[in-house]
Amino acid sequence: MNPSPKTLTGNLLIDNKGACDWGCQGFLAYGCKTYAVIIDPKTLQIIQTVGPQKGFINVVRWSGEDYHHAFATGSTYNLYLACADTSGDVVIWDVVSGQVRTELSDASATKAVIDIQWLRGHATSHDLVVVLRHPDLLELWDGFTGVRLWRKSFGENLLSMTLDPFDIQRLICLSEHPHLVVATDVTVTKEPSSLRTVQFSDPSPKQTGQRRFSNGSVASEKSLTRNSSSLSKMASLATNILTTQDSSKRRGTTDDTECTTSCIQAVFSPAHQNMVFLVFPTEIQIIDVEVDLAVHALRLDKSSPSFVKCLPCRNVDMFFCLHENGSASVRVRKQSNKFQGENREDEMIDFSYDVKCHSDSLRLLRHCKVYNFVYHPFTEKQVALVLSDSRIIFIDILTSEYSSHGPCLTQRKPALTLADSTCGKKIVTLVNDALRSREKITLRMVTAGLISGIASPVTVLEMAPSVNDNHGVGKCVAVGSEHGSVQLVDLYSGQVETEVKLFTSPVRGIVWVNTTHLLVHSYPDPPSYGNRTIQSEMVDLNIKSGQTTSIVDRSEAKGQLLQVTLSPSRTYCVMIYKEKEMELWNINSRQLLREILTPEFIRPTFASWYNVVTWKSTRMERPDNNGRLRKMVKRESLEQFFVTGQLIDNNAVTRLTVCDGVITEPTVLTNENLFGIFAPKTEIVTMRWQTHYLLIGDRAGNVYLNNAKEGRHHARKIVDKRGFEIRSIQFAPGKINMQFFVQYSDCVFVYILHPETYSADLLATSPTLGSEMVDLTWCGETSVAIATEDGCIHVVDICCKTPISPVTSTNAEIDDFVHVREGSMKNSVSSVSKWQLNGSFSPAFLEPKMTTLLKYSLQTNIKPYNIEVTKLIDQLERNVVHFIQDKNTNISERCLMVARMFGDEHDVNFWQQVKYSCQNGKRDTSVLEDISKDIDIPSIISSLATEKAEPKLIDFDSAEGTTDTDVEDSQTDNEMDITLSNRFDTDPSLVSCFGDMMMSEDFKVYESQKLYLLNKHRIDMRVKELCSQRWIMLNKIDMAVSVLMETDLEQSQFKTDCLKACLASSVNQTSTYLSTMKLAATHLIVAGFISDGVELLCLINRRLDACKYLISYGRWREALWLAKASLSQGECLQVVCKWAEYLWNSDRKSKAILVMLSAQQYVMVLRMLCAQRHFDTAALFLASCVERGVLTRTKSTERIYLEFAKLLSVTNYTSAVNQYCDLAGESGVHFRDTQNE
């Protein structure tokens, strides 16, 4: 059995800070030196390590899964990781195979990478990567072909970049100066040209550069620190004092000091559109980038630790904060009590956040810092902290629900996400507050897991012995560090099982006594001056209890302890000192048996035990307690060890025999005895026994073989490879395993020994590693663990090429050592079962056909399952599987749960929108056409917009022109808490997270509340104009007039605003007035005053015409806002259909489907799904609509079931094929009969 090839990393570098990402499939990746390590947080094991790259990795990003997955169409699940390093290269890795997929680099791409993001939302390309390079270069690359599409230079230093989750065409960059750079037209075809800056108030700007005084002298802030001489410092200080004017004239000083921002992070809120969080050390500002206005600021107390990072959530209105002391906190937005039935029509949305829970501080040491802070993007209930010493701390956010009767112990469904746990209830801080209220919950943060890295730098490795096989090895390796600690590392999971601090000096050697005890010795580095003797230490460590027992007497300084070797019977050990005599110890009794004087050598350097133990039995009689003589058999072990060192009189090796603790007379073997008459004049440096074969390595780099069983004393040379000194020789585990490696100072060679012919064949040479080797040991029959100077441990397979482990079955030669001789070793098949990663689940680990079969089995829940699927389902979480297989679980809930389990971002967005849009039960009476014909989606959408047109408009001030349904919806909106959850309270997700896909009723209430917030915080004319314009669009004339009349006399727009207020107040419905206003609005729009013309059209209730004008000028966002906030349902549908058509033609088909779904056009959604040949999603969506009663089964819907049955037949899912063939009618029966034939 062999562990999976991987790299276990050590401490992180400062360049690795921020290089961490948590993917939608649940895996965490972080950069460590030149490697990227992938962790499974559920099983706390390393599943993959990719690298090395040219430079230190400073950015890692998982690719999205926002596309439809189906085996029949070739769109399978993948794990792609983009890694950027300090050399400027961006490498996209295929984590499943461990190979490089694409490298994004060319001759001009040499600048350091600041940030990278995957550009999502395009139907034809899922591999678009946005790269921000130092200092101001923005690039778009095709991650599939490795071609750069465009490059944009901003002309100023940029610090970070973030993409808008609601609009893929907008991104913001944080500048070095206190402002944001916003690009609103990011497309695939051309570089962004529409740029603007958003200024913000920096609470503590940094002063850099030079300060220029009025007399022309320049004083640099760093001038004093740069001069090494104290006299130069005093001269510079005196010059500054003399050239600076007195305080009375200092007011005229010209301060040209450049201010750089102290902003740490700028990130979009995934829960509120247009909201950006700016993180400063002492406060967090929330800015609406649509109007460039700060709507709230969260400030810390002076005693509170500073902010380091902010992670806003999508489905729950809260965010996580990392503080300077290593603690994490949860801040939840203030929520009103929706149980009191308050009128919320004119209520202002509040963006203040309160702390609901926090974790304990880590009490970090001076050399340990928090380098990364991420959270699970789907569940939002687990965060991870990556420390500089490579420890990873996982913290779970747990909930406690309280009702009027006390804590609730029952759960309706498995709470995979934090939104499922909160279920829209109010979150309180104290339990007493929860008990006094009704159906509220509390949060708490609990440490759920810990992964420790390798203590760097590593000095020695020693594999643990096997429990069952005396000649095998176990799963753990003992790792000694330069800081005197010993770690026990499981090479199969990558987890550090035990860590013990033993010495203050480096660990020099480790010897396993048995599976629970090991001998560890250490000595400090020799001093650079003087003749002080070094004190060596050796302890016996019990790895179960952590108890240590000192072996060497500390009262006597014996010098450097070079080697400790244990006898095969695990009874004796030989210790070789550099300046003292050898010592023989009894390990069981911890007694020194004898100091061995070897006059044949000036200094012994190496000892090796013969691995065969001879047992001698002696019959004897001894009296028992009653005085009777009892016959007993005394067994004595006879063991031999061989010692070599510096030569005297051509003596090469001395053999000593130990019998019952007594050493017999030594036997000296000269060079002639070992090598014959033509003995080489060289010094033996190492020896290794395997059964009765002895390998001898000399200082010249040659290896000789001697067969002790045949009595042949003349050794033959079998390796003549190098001219450097051999460091060690070691046989692979196994009683008759003849594979061995020879370690030199800078490389290693693996051979297989042929004793019959006295020859050895070279199997593999040194692997390609990023640093020099320190030590290595066998960790399996064909696996080797190598420690390098950079603090990493590389688990490599001698059959393979690189230290990477694929996790799917393959017949290709992959992974670690460079091959020298083909066919000597069997090919590596790196399946999940072989590498013991059974606890880790990902659809990318399975074959595409099996993944599709498992997905369809869980989604349809049609039994019986296939045998292979049943085995896979048994490995999943039982509570989730029970909920999926429950007959009471509806189809949309089941599909959403499966999508979250698979990490399918596309399906999660779709089924979450289905739950939100279909929950009011509104029926769609449209007719589904024959899907077998070619469908022109844009023309159908245009015709649908024409059919649904309604001339009637909504008057918000009076009930006139408003239908009964509209009145009922308005009353419902007033009573709901739009910021908590949706109106029907069956889906725990935030309504605001849907953004443009919110239904019109919800959108109207949310934007109205947000408009009150902007009106309260308006500080400049731009915000004032937007507020007045939108009040007019909403027909809130009184609010608009109030805003317009507040214009100051000094403002240039004072006259215009007064006239506009008079015009808005004097609106009447005469035909002449209406025609004049419409003509004036048209002329204003043609002249370029689009906003003014739209306001005039809204004043005369021509809002649909205003939307059409906005659409004609490409202002889709404003048109959609006006339509959803003010138009009737039919007229709003016209605008929504036009927008969906635009999205469909712009290759954003997934969002076009979600837009039509938000408009509750279910038949149109089916047409669009079938046009993309997503028949599996179409069939399940149709079944969900029929289950909810919003659609009825017709003759035209049978074709969808038939196409899904064809997809199921590819996966051999017989039971599901039969059921969907029955739903498909006669055509389905015919297809099933054809399949059976």
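Throughout what follows, the structure given in this document is the object of discussion. (Residues numbered from 1 in each chain as written. Predicted model: local features only at pLDDT ≥ 70, side-chain atom pairs only at ≥ 80, totals over all residues. Heavy atoms only, no water.)

**Re the sheet that holds strand β15 (residues 171–175)**
One open sheet holds the 4 strands; their spatial order is β14-β15-β16-β17, and the pairing between them is antiparallel. Pairing within the sheet leaves two strands with one partner each, and these edge strands are β14 (158–163) and β17 (195–199). Across the sheet, the axes of successive neighbouring strands diverge by a mean angle of 25 degrees, strand direction being ignored. For β14 and β15, the ladder comprises 5 bridges, and the chain directions are antiparallel. Of the residues in β15, the one forming a bridge with Met-161 is Cys-173. (Pairing = 2+ DSSP bridges. Helix = DSSP H or I, 4+ residues; strand = E, 2+ residues; numbered from the N terminus. Axes fitted to C-alpha atoms, helices over the stretch in contact; angles between N-to-C directions.)

**Section: the sheet that holds strand β38 (residues 485–490)**
Strand order in the open sheet formed by 4 strands is β36-β37-β38-β39, with antiparallel pairing between adjacent strands. Every interior strand has two partners, whereas the edge strands, β36 (458–465) and β39 (496–501), have only one. When strand polarity is set aside, the average angle formed by the axes of neighbouring strands in this sheet is 20 degrees. Pairing of strand β37 (residues 473–481) with β38 involves 5 bridges; the strand directions are antiparallel. Each residue of the ladder has a partner; that of Val-477, found in β38, is Val-489.

**Some details on the environment of Thr-515**
In this structure, Thr-515 sits in the loop between β40 (507–512) and β41 (517–522). Here Thr-515 falls in the partly exposed class, since its relative accessible area comes to 34%. A C-alpha to C-alpha distance of 9.4 Å links Thr-515 and Asn-542, two positions 27 residues apart in sequence. Contacts of Thr-515, omitting those with residues within four sequence positions, involve Pro-465, Ser-466, Val-467 and Ile-543. (Buried < 20%, exposed > 50% of the residue type's maximum accessible area, 1.4 Å probe, protein only. Contact = heavy atoms within 4.5 Å.)

**A word on the side chain of Asp-136**
Position of Asp-136 among the secondary structure elements: in the loop between β11 (128–133) and β12 (137–142). Within the local environment of Asp-136, its side chain forms a polar contact with the side chain of Ser-153, the two groups lying 3.0 Å apart. Not counting chain neighbours up to four residues away, the residues in contact with Asp-136 comprise Lys-152, Ser-153, Phe-154, Gly-155, Glu-156 and Leu-158. (Polar contact = N/O pair within 3.5 Å; in protein donor to acceptor, adjacent residues only side chain to side chain.)

**So, the nonpolar core**
Grouped together as the largest cluster of nonpolar side chains are 152 residues, with contacts concentrated most on Ile-284, Phe-351, Leu-858, Phe-910 and Phe-1181. Sort the elements by how many residues they give to this core and helix α21 (residues 1129–1145) lands first, with 9 residues. The residues touching Phe-1181, leaving out its near neighbours within four places in the chain, are Phe-910, Trp-911, Val-914, Leu-1157, Tyr-1162, Val-1165 and Leu-1166. (Core = buried A, V, L, I, M, F, W, Y, C linked by side-chain atoms within 4.5 Å.)

**Remarks on unusual backbone geometry**
In this structure, the amide linkage connecting Gly-51 to the following residue, Pro-52, adopts the cis form with an omega of 0 degrees. Along the chain, Pro-52 falls in the loop between β5 (45–50) and β6 (57–62). For the bond from Ser-456 to Pro-457, the omega torsion is -10 degrees, close enough to zero to count as cis. Within the secondary structure, Pro-457 is located in the loop between β35 (440–451) and β36. Look at Asn-1101: it is not a glycine, yet its phi comes out positive at around 60 degrees. With respect to the helices and strands, the residue Asn-1101 is situated in the loop between α18 (1090–1099) and α19 (1103–1112).

**Describing the pairing of β11**
Among the 6 residues of β11, 6 are classified as buried, and the element is accordingly described as predominantly covered. By the alternation rule, side chains of β11 split into Leu-128, Val-130 and Leu-132 and Val-129, Val-131 and Arg-133, which are all buried. Relative to β11, strand β10 (residues 113–119) runs antiparallel, the two being bridged by 6 bridges. Bridge pairing in β11 links Leu-119 to Leu-128. Two strands pair when backbone bridges link them, and β11 and β12 are joined in this way by 6 bridges, in the antiparallel orientation. Within β12, the position partnered with Leu-132 by the bridge is Leu-138. Between the end of β11 and the start of β12, which pair antiparallel, lie 3 residues.

Function cannot be inferred from these measures alone, as they are strictly geometric.
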